[in-house]
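Spelled out from the first residue to the last, the chains are:
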Amino acid sequence: MTGPLRVVVADDQALVRTGFRMILASEGIDVVAEAANGAEAVRAVRRTRPDVVLMDIRMPELDGLEATRRILTGAPGEPRVIILTTFDLDDVVYEALTAGASGFLLKDVTPEHLVAAVRLVRTGDALLAPAITRRLVERHARQAPAPPAGVPGGLHPDLSALTPRELEVLRLLARGLSNTELADRLHLSGTTVKTHVSRILAKLQLRDRVQAVVAAYETGLVSAARDGMPVPGGADGGRREP
């Protein structure tokens, strides 16, 4: 992928926007627009067509969740959205992940991690810090009933479309294994693992690994109690996996 990385920063605090702009600009990343609320963010995205949107989850007029839903309409060239939050187990963050956000960052993220995250999702990968994401999903997916037919808001794909091997890969992916760890566990090449992951996402019509984790929990394929997950509140390894 060529050309400068283009970002929209949406946050109702001017100081946060300025700080993020300075950090990104220092690394050659172009902040093409800023927004102080969700409505401004939607307009800015439509006007500038950025690669990535840094979206505060709680803003006036239109919150980050609804703005994310409006931005990720399925139109060609839609950007990747990273949710900004002060609380990693926020139920609204979970809803944003199911709506298509590619991950989330705490607002006290280090400059290095901010830049790395923006660059990662620009390539089409998901920002997946395994322990934090699993704690978030486990807390909310086990409480979330399936939505009525035709009503968006959850990920309840038909897993019967997957082969036994793909189900195994999805189960391990949801437990936080990286591609390298999947390859070692299943005695497969890295290329074969990537092919399996791509097919899982395509068959279940999911955007990325974050949504795959959510789907594995919401369908009951994985649960913390049955699969030996860390309990909520455990330490996060901080790994990001493409």
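This write-up is about the structure you can find in this document. (Residues numbered from 1 in each chain as written. Predicted model: local features only at pLDDT ≥ 70, side-chain atom pairs only at ≥ 80, totals over all residues. Heavy atoms only, no water.)

## Examining the nonpolar core
Going by this rule: Take the buried Ala, Val, Leu, Ile, Met, Phe, Trp, Tyr and Cys residues and link them wherever side-chain atoms come within 4.5 Å; each set so joined is a nonpolar core. The rule is simple: take the accessible area with a 1.4 Å probe, protein chains only, and divide by the maximum for that residue type; under 20% is buried, over 50% is exposed, in between is partly exposed. Numbering of helices and strands runs from the N terminus; a helix is a DSSP stretch of H or I covering at least four residues, while a strand is a stretch of E covering at least two.
Ranked by size, the top nonpolar core spans 55 residues in total, and within it Met 55, Ile 71, Val 81, Ile 83, Leu 170 and Leu 204 carry the most contacts. Looking at this core, the element that brings in the most residues is helix α10 (residues 209-218), giving seven residues. One finds Val 16, Val 109, Leu 120 and Val 121 within the second-largest nonpolar core, a separate group that totals 21 residues.

## Re the packing of helix α8 (residues 179-186) against helix α9 (residues 190-204)
So the rule is basically this: Axes here mean lines fitted to C-alpha atoms, for a helix over just the part in contact, with angles spanning 0 to 180 degrees between N-to-C directions. Angles below 35 degrees are treated as roughly parallel, those above 145 as roughly antiparallel, those between 65 and 115 as roughly perpendicular, and all remaining angles as oblique. Whether two residues touch is decided by their heavy atoms; if any such pair falls within 4.5 Å, the residues are in contact. Any residue outside Ala, Val, Leu, Ile, Met, Phe, Trp, Tyr, Cys, Pro, Asp, Glu, Lys and Arg is labelled polar, Gly included; the first ten of those are nonpolar and the last four are charged.
Between α8 and α9, the shortest axis-to-axis distance is 9 Å and the interhelical angle comes to 110°. Between α8 and α9, the crossing angle belongs to the class labelled roughly perpendicular. Across from Asn 179, Leu 182 and Ala 183 in α8, the residues of α9 making contact are Gly 190, Val 193, Lys 194 and Val 197. Residue composition of the contact of α8 with α9, grouped by class: four nonpolar, two polar and one charged.

## Examining α10
Burial within α10 is extensive, with ten of its ten residues counted as buried. Every buried residue belonging to α10 is among Arg 209, Val 210, Gln 211, Ala 212, Val 213, Val 214, Ala 215, Ala 216, Tyr 217 and Glu 218, and all of these are buried. Gly 220 sits one or two residues past α10 and shows a positive phi near 85°.

## Brief notes about the sheet that holds strand β1 (residues 6-10)
To keep it simple, the criterion reads: Paired strands, in this sense, are two strands between which DSSP finds at least two bridges.
The strand order across the open sheet built from five strands is β2-β1-β3-β4-β5, with neighbouring strands paired in parallel fashion. Bordering the open sheet on either side are β2 (30-35) and β5 (104-106), each of which pairs with just one other strand. Across the sheet, the axes of successive neighbouring strands diverge by a mean angle of 20°, strand direction being ignored. Strand direction decides the pairing type here: β1 and strand β3 (residues 52-56), joined by four bridges, are parallel.

## Some words on the pattern of salt bridges
Applied cut-off: Salt bridge, as applied in this entry: a Lys or Arg side-chain nitrogen positioned within 4 Å of an Asp or Glu carboxyl oxygen.
All chains considered together, the criterion is met by eleven salt bridges. The shortest N-O distance in the salt bridge between Arg 122 and Asp 51 comes to 4.0 Å. Taken together, the residues Arg 122 in helix α5 (residues 111-122) and Asp 51 in the loop between α2 (38-48) and β3 connect sequence positions 71 residues apart. Under the relative-accessibility criterion, Asp 51 is labelled partly exposed at 24%. A salt bridge links Glu 66 to Arg 69; the nearest nitrogen and oxygen atoms lie 3.7 Å apart. Note that Glu 66 and Arg 69 are positioned in helix α3 (residues 64-71) at a spacing of three residues, about one turn of the helix. Assessed through its relative accessible area of 26%, Glu 66 is described here as partly exposed. Take Arg 69: its relative accessible area is 35%, and that puts it in the partly exposed class. Through salt bridges with shared partners, a single ionic network connects Glu 66, Arg 69, Arg 70 and Glu 95.

## Re the side chain of Asn 37
Heads up, the condition is: Polar contact criterion, stated in full: a pair of N or O atoms within 3.5 Å, where within protein one must be able to donate a hydrogen and the other to accept it, and residues adjacent in sequence count only if both atoms are side-chain atoms.
Within the secondary structure, Asn 37 sits in the loop between β2 and α2. Residue classification places Asn 37 among the buried positions, given a relative accessible area of 7%. At 3.1 Å, the side chain of Asn 37 and the backbone nitrogen of Ala 39 are in polar contact. Setting aside anything within four residues of it in sequence, one finds Asn 37 in contact with Met 59, Pro 60, Glu 61 and Leu 62.

## Some points on the pairing of β2
Basically, it comes down to this: Think of it like this: strands point away, you trace from the first strand over the helix to the second, and a clockwise trace means the crossover is right-handed.
Where β1 lies against β2, five bridges are found, and the strand directions are parallel. Residue Val 7 lies in a different strand from β2, and its bridge partner there is Val 31. Handedness of the crossover is the feature at issue here: the chain leaves β1, passes through helix α1 (residues 14-26), returns alongside β2, and the resulting connection is right-handed.

## Examining the environment of Asp 11
In this structure, Asp 11 sits in the loop between β1 and α1. Assessed through its relative accessible area of 0%, Asp 11 is described here as buried. For the pair Asp 11 and Pro 60, spaced 49 residues apart in sequence, the C-alpha separation works out to 9.6 Å. Contact partners of Asp 11, with chain neighbours within four places excluded, come to Val 16, Arg 17, Ala 35, Ala 36, Asp 56, Met 59, Leu 84 and Lys 107. A distance of 2.8 Å separates a polar atom in the side chain of Asp 11 from the backbone nitrogen of Gln 13.

Shape descriptors only; they carry no functional weight alone.
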